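In case you want the letters, here they are:
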Amino acid sequence: MHKRLKKLIEMISEIFEENHIEKVGKITKFVQRKSSLSAKEFLAFNIFSSHDMCDKSLAKLCSRMEAQSGILISPQALNQRYNAKAVEFMRQIFVELLCKQNKLLENEKNNLKILFNRVILNDATSFILPKEFKEEFKGSGGSASGAAVKIQLQYELLTGQFMCCDIEKGSRNDADYLGTMSKYIKPKDLKLADLGYYKVSYLKEIDDKKAFFISKIKSDTRIYKKNPNPERHKNGNIKKSTQYIKIDISELITPLREGESIELKDIYIGSKKHLKARLIVTKLTSENKKKEKLNTKEMFKRKEEQIVKGA
């Protein structure tokens, strides 16, 4: 059994009792009368068989369910169970699972609640759809990858609440979602997102609204510091071309030991030099470099598999 799958099974068993799962099923009206397919069995089937459900026929899914749990159900009956109530049931279980795993919510004295009003996380996931959805949900690799869907999620860590969850075409870039993310910025927020959402103008907007961010920067981003001795015109005004000094990250890293970091204050990010921030530079260890290379290879491998599968 895959390690992640085994971990998920253990997590669900530890958090949810069978009676509670059935209770959620009744609250969401997924369970309205006694059936051979219980809420618990439906949950387990969707979680542990989800990797290829979109590619299998209803008849094959029914055969799988019989083999896994001994439940006999017709293709028509199984099809009818996938409705709005089933979606609400799965959503509620997911929300409870996420909240119960959020250790920050269990610690009322956590320093994050003192420093920030909210801690907002943004991330996305995407997966291949059957080719019939190609017109509505274009794949990220163009026509070769067929159909794909992307789910964008905004999550507030300190309350465990979902701020928004949007479904998009798989071909849409994460940076295209910045307009939606911008609507939710408030003073004293801390915004966290990966490089897919990186854009200097967006970070500047966070800063302008008296909020905070933690972000990596792209390797081609220009960074500057103010020149302590700029050249001046005869009238005393500073020559604009000498007001800032461009920083070479490679020169900063060279003298550092593996794993060592340096902090640069009052750094100006981007060619316009209008975003002032604090920059922390860390020299990767040999182990970190290997992980980076491995992660990159796995990313490209997944993309190639998606293109082949969607063709």
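Not measured: the values here are computed from a predicted model.

Cut-offs and rules
- Residues numbered from 1 in each chain as written.
- Predicted model: local features only at pLDDT ≥ 70, side-chain atom pairs only at ≥ 80, totals over all residues.
- Heavy atoms only, no water.
- Pairing = 2+ DSSP bridges.
- Helix = DSSP H or I, 4+ residues; strand = E, 2+ residues; numbered from the N terminus.
- Axes fitted to C-alpha atoms, helices over the stretch in contact; angles between N-to-C directions.
- Salt bridge = Lys/Arg side-chain N within 4 Å of Asp/Glu carboxyl O.
- Buried < 20%, exposed > 50% of the residue type's maximum accessible area, 1.4 Å probe, protein only.
- Contact = heavy atoms within 4.5 Å.
- Phe/Tyr/Trp six-rings, centres within 6.5 Å; stacked < 30°, edge-to-face > 60°.

(A) Summary view of the sheet that holds strand S2 (residues 147–156). The strand order across the open sheet formed by five strands is S3-S2-S1-S4-S5, and the pairing between neighbours is mixed. Where the open sheet ends on each side, the last strands, each with one partner, are strand S3 (161–169) and strand S5 (212–214). For this sheet, the mean angle separating the axes of adjacent strands, direction not counted, is 20°. Across eight bridges, the pairing between S2 and S3 is antiparallel. Among the inter-strand pairings, Lys150 is bridged to a residue of S3, identified as Glu168.

(B) View of the sheet that holds strand S8 (residues 261–269). Across the sheet, which stays open at both edges, the four strands sit in the order S7-S6-S8-S9 with antiparallel pairing between neighbours. The open sheet is flanked by strand S7 (244–246) and strand S9 (275–282), the only strands paired with a single partner. Sheet twist, expressed as the mean angle between neighbouring strand axes with direction ignored, is 50°. In the sheet, strand S6 (residues 223–226) pairs with S7 via three bridges, with the strands oriented antiparallel. Considered in S7, the bridge of Tyr224 is made with Lys246.

(C) Spatial organisation of the environment of Ser241. Of note, Ser241 is situated in the loop between S6 and S7. Taking the C-alpha atoms as reference points, Ser241 and Glu231, separated by 10 residues in sequence, lie 8.6 Å from one another.

(D) Highlighting unusual backbone geometry. The backbone of Lys188 shows a phi angle near 70°, a positive value even though the residue is not glycine. Residue Asp266 is not a glycine yet carries a positive backbone phi of 55°. Take Asp266: it is sitting in strand S8.

(E) Quick look at the pattern of salt bridges. This model, assessed by the stated rule, comprises 10 salt bridges. Where Glu263 meets Arg278, a salt bridge forms, and the shortest distance between an N and an O atom there is 3.4 Å. Here Glu263, found in strand S8, pairs with Arg278, found in strand S9; they are 15 residues apart in sequence, far enough to count as distant. Since its relative accessible area comes to 42%, Glu263 is described here as partly exposed. A relative accessible area of 56% places Arg278 in the exposed class. In this structure, Asp266 engages Lys276 in a salt bridge whose closest nitrogen and oxygen atoms are separated by 3.5 Å.

(F) The arrangement of the environment of Asp123 in detail. Mapped onto the secondary structure, Asp123 falls in strand S1 (residues 118–129). With a relative accessible area of 42%, Asp123 lands in the partly exposed category. Along the primary structure Asp123 and Asp194 are separated by 71 residues, whereas in three dimensions their C-alpha atoms are 7.4 Å apart. For Asp123, the contacting residues outside a window of four places in its chain are Ile151, Gln152, Leu153, Asp194 and Tyr197.

(G) Seen up close, the environment of Gly179. Tracing the chain through its elements places Gly179 in helix H9 (residues 178–182). Of the residues examined, Gly179 reaches a relative accessible area of 44% and is grouped as partly exposed. In the structure, Gly179 is positioned 23 residues away from Tyr202 in sequence and 8.7 Å away in space, judged by C-alpha atoms.

(H) Expanded view of the packing of aromatic side chains. Enumeration over the complete set of coordinates arrives at eight aromatic pairs. Each ring, one from Phe42 and one from Phe89, has its centre 6.4 Å from the other, and the planes form 50°; the classification is tilted. Within this pair, whereas Phe42 is found in helix H3 (residues 39–48), its partner Phe89 is found in helix H6 (residues 84–100), the two being separated by 47 residues in sequence. Taken as a pair, Phe42 and Phe89 share a single burial class, namely buried.

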